[in-house]
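Close look at the chain arrangement
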Amino acid sequence: MNRTPGRPLRADAERSVRAILAAAERVLAEHPGATMEQIAEAAGVTRTTVHRRFANRQALVDALATEAAAKLAEAIEDGHPETAPPLVALHRATANVLRVKAAWGFALGPAAAGSEPAARIHEEIARRCVELLGRIQEQGVIAPDADLEWVRRVYYALIGEVLHGEPAHGCGPAAAGTTTAGTTTAGTTTAGTATTGTATAGTTAALDPDALAARIVDTVLHGVGPRPAG
């Protein structure tokens, strides 16, 4: 993004950037090869305005990926993974991550995975996800000898399947995007990102993030075998 280092954008310029990024997500999710001109039209701004904010198309995609990664990090933070009861934090973060991944399918998908700032955010999300899983392990819910990095990857995979697989009957809603345990959720797990393609409007419209988060967390922690009696 063409910003002067250390100088924040004026409020009107910030609104313009937000409008461009939102339009870029909508347009690129449907047409990954869309041009800057098409994105400008969708944002309701001139092509010159877009080029003034972003040097080229790749700069716009990188900014979009960074914005979405930041939204994912915020979603995880809202779950209070360091301070809330760990199972509560995991469920809330997962539901939040599902919502973010559904809304930012292109920006959190493989096509936008080249942004270094976004990658750093995803790495931090993955780290926090593993830490949260460690808190759960300390409570005896996860086996003491379990590989938490593997647990995180399984968690991400479930988030990705929820968002990009066939819609689940009756329950509706990662890497997407990236990978990080998003955060503890969704693809991420703590937000992370979990790499999977772009969510379609038809798939996400029927999703219930809270119900799906409960299913994901239950599957990660308890598997699919029969529960012990009593």
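Structure: see above.
Structural notes, computed from the coordinates.

**A closer look at the overall build of the chain**
A tally of regular secondary structure across the chain gives 9 helices and 1 strand. Overall, the chain shows an N-to-C arrangement of helices and strands of α-α-α-α-α-α-α-β-α-α. Split into buried and exposed, the 230 residues of the chain put 48% on the buried side. Total accessible area on the chain stands at roughly 11000 Å², and carbon and sulfur atoms take up 55% of it.

**Quick word on unusual backbone geometry**
As a rule of thumb, non-glycine residues mostly have phi less than zero, and peptide bonds are mostly trans rather than cis. Of note in the backbone geometry, His 80 takes a positive phi value of approximately 50 degrees without being a glycine. Checked against the element boundaries, His 80 lands in the loop between helix 4 (57-77) and helix 5 (86-103).

**Comments concerning the packing of helix 4 against helix 5**
Where helix 4 meets helix 5, the axes come as close as 8 Å, and the angle between the chain directions of the two elements is 160 degrees. As far as their axial angle goes, helix 5 and helix 4 are roughly antiparallel. As helix 4 packs across helix 5, the resulting crossing turns out to be right-handed. When helix 4 is examined against helix 5, the residues Ala 68, Lys 71, Leu 72, Ala 75 and Ile 76 are found in contact with a partner set consisting of Ala 93, Asn 96, Val 97, Val 100 and Lys 101.

**Digging into the nonpolar core**
Leu 28, Phe 54, Leu 60, Leu 64, Leu 98 and Tyr 155 are the most contacted members of the largest nonpolar core, which totals 59 residues. Those elements giving two or more residues to this core turn out to be helix 1 (11-30), helix 2 (36-43), helix 4, helix 5, helix 6 (116-138), helix 7 (148-164) and helix 9 (209-222). The element contributing the most residues to this core is helix 4, with 11 residues.

**Section: the packing of helix 1 against helix 4**
Taken N-terminus to C-terminus, the directions of helix 1 and helix 4 make an angle of 95 degrees; their axes are 10 Å apart at the nearest point. Here helix 1 is positioned roughly perpendicular relative to helix 4, judged by the angle of their axes. Two secondary-structure elements touch here, helix 1 through Arg 18, Ile 20, Leu 21, Ala 24, Glu 25 and Leu 28 and helix 4 through Arg 57, Leu 60, Val 61, Ala 63, Leu 64 and Glu 67.

**Re the packing of aromatic side chains**
Overall, the coordinates contain 1 aromatic pair when judged by the stated rule. Taken together, a centroid distance of 6.2 Å and an interplanar angle of 50 degrees make the contact between Tyr 155 and Tyr 156 tilted. A relative accessible area of 3% places Tyr 156 in the buried class. A cation over an aromatic ring shows up here: Arg 152 above the ring of Tyr 156, its NZ or CZ 4.5 Å from the ring centre.

Calculation criteria
In this numbering scheme, every chain counts its residues from 1 along its sequence in written order. Restriction of local features to residues with pLDDT of at least 70 applies here, the model being predicted, together with a cutoff of 80 or more for giving and counting side-chain atom pairs; totals for whole chains, interfaces and linings are based on all residues. As a convention, hydrogens and water are excluded, and side-chain values are obtained from all of the structure's heavy atoms. Strands here mean DSSP runs of E at least two residues long; helices mean DSSP runs of H or I at least four residues long; both are numbered from the N terminus. Each residue's exposure class comes from its accessible area (1.4 Å probe, protein chains only) as a fraction of the maximum for that residue type: buried when under 20%, exposed when over 50%, partly exposed otherwise. Only the protein chains shown count as cover for residues, and the accessible areas themselves come from Shrake-Rupley with a 1.4 Å probe. To get an axis, a line is fitted to the C-alpha atoms, and for a helix only the part in contact is used. The angle between two axes follows their N-to-C directions and goes from 0 to 180 degrees. Oblique is the label for any angle not covered by the other classes, which are roughly parallel (under 35 degrees), roughly antiparallel (over 145) and roughly perpendicular (65 to 115). In this scheme, a crossing is called left-handed if the near helix is turned counterclockwise away from the far one by less than a right angle; it is called right-handed if the turn is clockwise. It only takes one pair of heavy atoms within 4.5 Å for two residues to be counted as in contact. Nine residue types can take part in a nonpolar core, namely buried Ala, Val, Leu, Ile, Met, Phe, Trp, Tyr and Cys, and a core is a set of them joined through side-chain atoms within 4.5 Å. Centres within 6.5 Å make a pair out of two Phe, Tyr or Trp rings, where for Trp the six-membered ring is used; the pair is then stacked when the planes are under 30 degrees apart, edge-to-face when over 60, and tilted otherwise. By the criterion adopted, a ring carries a charge over it if an Arg CZ or a Lys NZ lies within 6 Å of its centre and within 35 degrees of its normal.

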